[in-house]
Amino acid sequence: MDEGTAVSWGPDGLVPAIVQDARTGQVLMLAYMNKEALARTLETGETHFWSRSRNGLWHKGATSGNTQQVEEIRVDCDGDALLVRVKPAGPACHTGKVSCFYRDLASAEAASRPPDSRVIHRLEGVIAERKAHPREGSYTSQLFAKGEKEIAKKVGEEGVEVAVATLAEGDDRVLYEMADLVYHGLVLLAQRGLRWADLEGELARRFK
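This structure is a prediction, so every number in the text was calculated from the model and none was measured.

Student: Where do I start with the overall build of the chain in this structure?
Tutor: A count of helices and strands for the chain gives seven helices and six strands. Compactness check: the chain gives a C-alpha radius of gyration of 23 Å against a globular reference of 17 Å for 208 residues, more than 25% above the reference. Taken over the C-alpha atoms alone, the chain extends approximately 75 × 40 × 35 Å along its principal axes. A buried classification covers 34% of the 208 residues belonging to the chain. Long-range pairs, those at least 24 residues apart, make up 48% of the contacts in the chain with a sequence separation of at least 6. Each charge sign in the chain was given a centre, from 27 positive and 31 negative side chains, and these centres are 2 Å apart.

Listed below in structure tokens is the structure:
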């Protein structure tokens, strides 16, 4: 490919590059290339991009080891977009997900809403803080230290206690046990790298 003539570079000297797994067809990520990035990609056989945030060239996987071996590069009919088909050596997304396109729109929109003062969001913030910075004597920190299996066990136990309270006790006790269940559910979500907004997104998807 003659990158000087086959590609219609944008006013900023960049062209969007869609990266696709050559074996599965899964779209992995969207990045941008300038002439230097494309030349380096063709020269080395591994993807190089232009980082708009860092204003510099970057070799995908140079730090993480999650490089992308280029199988072929296609240009669209107008020459203003590239399709880079690769064999990935690891996840494409910085979150550890295989693809950067792992969220449905409903979840993404829910997650993008500004935080408010509701108790559920304040509690989620405290849980995230205890996970990132364990505190001695903190029950939440102790749960994270025990790991996902024990956290899941606690969620199961709290679910049973909600059922028992519903069948044998008054509303106050039901609310008490339900609060325990929600708290432990939030801990489980945080353990798996999920947020309450992701749950809201799933509920919104079903509500439609």
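Student: Would you take a moment to explain the nonpolar core for this structure?
Tutor: As a rule of thumb, nonpolar side chains are buried together in soluble globular proteins. Within the largest apolar cluster, 18 residues are counted, with the highest numbers of intra-cluster contacts made by Val 19, Met 29, Met 33, Leu 38, Phe 49, Leu 82 and Val 84. Those elements giving two or more residues to this core turn out to be strand 1 (15-21), strand 2 (27-33), helix 1 (35-44), strand 5 (68-75) and strand 6 (82-88). With four residues, the single largest contributor to this core is strand 2. Ignoring sequence-local partners within four residues, the contact set of Val 84 consists of Ala 17, Ile 18, Val 19, Gln 20, Met 33, Thr 47, Val 70, Glu 72 and Ile 73. Ile 120, Ile 127, Tyr 183 and Ala 190 belong to the second-largest nonpolar core, a separate cluster that totals ten residues.

Student: Hey, could you run me through helix 6 (residues 171-191) in this one?
Tutor: Along an α-helix, residues three or four apart share an orientation, since each turn contains 3.6 residues. If you check helix 6, its first and last C-alpha atoms are 30 Å apart, about what 21 residues at 1.5 Å a residue would give, namely 30 Å. Those residues of helix 6 that sit buried are Val 174, Glu 177, Tyr 183, His 184, Leu 186, Val 187, Leu 189 and Ala 190. Residues of helix 6 that are buried in the fold lie against helix 3 (119-132), helix 4 (139-146), helix 5 (148-168) and helix 7 (196-207). Two residues or fewer past helix 6, Gly 193 is found with a positive phi of approximately 75°.

Student: Please explain a nonpolar patch on the surface as it appears in this structure.
Tutor: On the surface, Ile 18, Val 27, Leu 30 and Phe 101 cluster together into a nonpolar patch covering about 350 Å² of accessible area. Inspection of the secondary structure puts Phe 101 in the loop between strand 6 and helix 2 (105-112).

Student: Can you walk me through the pairing of strand 3 (residues 48-51) in this structure?
Tutor: Regular strands place side chains that alternate from one sheet face to the opposite one. One ladder, built from four bridges, connects strand 3 with strand 4 (residues 56-59); its direction is antiparallel. Directly across from His 48, in strand 4, lies its bridge partner His 59. Linking strand 3 back to strand 4 in an antiparallel pair, the connection comprises four residues, with Asn 55 at a positive phi of about 55°.

Student: I'm lost on the environment of Gly 193 in this one. Help?
Tutor: Inspection of the secondary structure assignment puts Gly 193 in the loop between helix 6 and helix 7. A relative accessible area of 58% means that Gly 193 is categorised as exposed. Taking the C-alpha atoms as reference points, Gly 193 and Val 86, separated by 107 residues in sequence, lie 27 Å from one another.

Student: Mind showing me how you'd approach the sheet that holds strand 5 here?
Tutor: Ordered by their spatial adjacency, four strands build an open sheet running 2-1-6-5, and the pairing between neighbours is mixed. Of all the strands in the sheet, the pair left with one neighbour each is strand 2 and strand 5. Ignoring strand direction, the axes of neighbouring strands in this sheet form an average angle of 25°. Across six bridges, strand 1 lies against strand 2 in antiparallel orientation. The residue bridging Ile 18 from the neighbouring strand is Leu 30, located in strand 2. In the packing of helix 1 onto the sheet, contacts are made with strand 2, strand 5 and strand 6, and the angle to strand 5 comes to roughly 120°.

Student: Sorry, what's going on with helix 1 here?
Tutor: Where helix 1 is concerned, the buried positions are Ala 37, Leu 38 and Thr 41. The arc that holds the buried residues of helix 1, viewed along the axis, is 100°, so those residues lie on one side. Tucked inside the fold, the buried residues of helix 1 contact strand 2, strand 3, strand 4, strand 5 and strand 6. Its side-chain oxygen placed 3.3 Å from the backbone nitrogen of Glu 36, Asn 34 serves as the N-cap of helix 1. Among the residues trailing helix 1, Gly 45 stands out with phi positive, at a value near 80°.

Basis of the calculations
Residues numbered from 1 in each chain as written. Predicted model: local features only at pLDDT ≥ 70, side-chain atom pairs only at ≥ 80, totals over all residues. Heavy atoms only, no water. Helix = DSSP H or I, 4+ residues; strand = E, 2+ residues; numbered from the N terminus. Rg over C-alpha atoms; globule rule 2.2 N^0.38 Å. Buried < 20%, exposed > 50% of the residue type's maximum accessible area, 1.4 Å probe, protein only. Contact = heavy atoms within 4.5 Å. Lys, Arg positive; Asp, Glu negative; His and termini not counted. Charge placed at Lys NZ, Arg CZ, Asp CG, Glu CD. Core = buried A, V, L, I, M, F, W, Y, C linked by side-chain atoms within 4.5 Å. Expected span 1.5 Å × (residues − 1). Patch = residues over 30% accessible without salt bridge, like charges linked within 9 Å, V, L, I, M, F, W, Y side chains within 5 Å. Areas by Shrake-Rupley, 256 points an atom, 1.4 Å probe, with all protein chains shown as cover. Salt bridge = Lys/Arg side-chain N within 4 Å of Asp/Glu carboxyl O. Pairing = 2+ DSSP bridges. Axes fitted to C-alpha atoms, helices over the stretch in contact; angles between N-to-C directions. Arc of directions from axis to C-beta. Polar contact = N/O pair within 3.5 Å; in protein donor to acceptor, adjacent residues only side chain to side chain.

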